[in-house]
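# Tertiary structure, described
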Amino acid sequence: MTNLLDTHLYTLLGEAYFTQLTAAFYRRVALDDLLGPMYPKDDMANAERRLRDFLIQRFGGPQTYSQQRGHPRLRMRHAPFHIDQAARDRWITLMNAALNEVQTPETARPLLDRFFADAATFMINRN
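About the thresholds
- Residues numbered from 1 in each chain as written.
- Predicted model: local features only at pLDDT ≥ 70, side-chain atom pairs only at ≥ 80, totals over all residues.
- Heavy atoms only, no water.
- Phe/Tyr/Trp six-rings, centres within 6.5 Å; stacked < 30°, edge-to-face > 60°.
- Buried < 20%, exposed > 50% of the residue type's maximum accessible area, 1.4 Å probe, protein only.
- Lys NZ or Arg CZ within 6 Å of the ring centre and 35° of its normal.
- Helix = DSSP H or I, 4+ residues; strand = E, 2+ residues; numbered from the N terminus.

Further remarks concern the packing of aromatic side chains. On inspection of all chains with the given rule, the structure shows eleven aromatic pairs. Between Y17 and F18 the ring centres are 5.3 Å apart and the planes differ by 85 degrees, which places this aromatic pair in the edge-to-face class. Considered together, Y17 and F18 belong to a single accessibility category, that of buried residues. Of the aromatic side chains, those joined through ring pairs into one cluster are Y10, Y17, F18, F25, Y26, Y39, F54, F59, Y65, W91, F115 and F116. Sitting over the face of the ring of F122, R75 holds its NZ or CZ atom 5.2 Å from the ring centroid.

Structure follows, in structure tokens:
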């Protein structure tokens, strides 16, 4: 569920923040033994760009993601991947480390934490 504050985070944080966040996250993913193998090595930069564009759009920025890829359809796009509780938890661990690395402002952190936790849980597709 989107609330008014969520859609104004882009104004507060800016594009550079989301670029730094996704770069910090994918540096960790590339080295991770659980999540890393889910990404083709030659597509990691594209995966980073897709997440960045999605987050920018989701939090009130330009609609580049939808213009290039259509509706996000997150569950459908993630269906081919084995996402269980362990993968969900690792995703959150790596994202939390990225959020810390880029020094996410205290005003934005609760909203981002809630969004990422809810979205990661929604992606679970295996027991």
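On to the environment of H8. Structurally, H8 is set in the segment before α1 (9–13). Judged by relative accessible area, H8 falls into the partly exposed class, the value being 43%. As for H8 and D43, which are separated by 35 residues in sequence, their C-alpha atoms are 30 Å apart.

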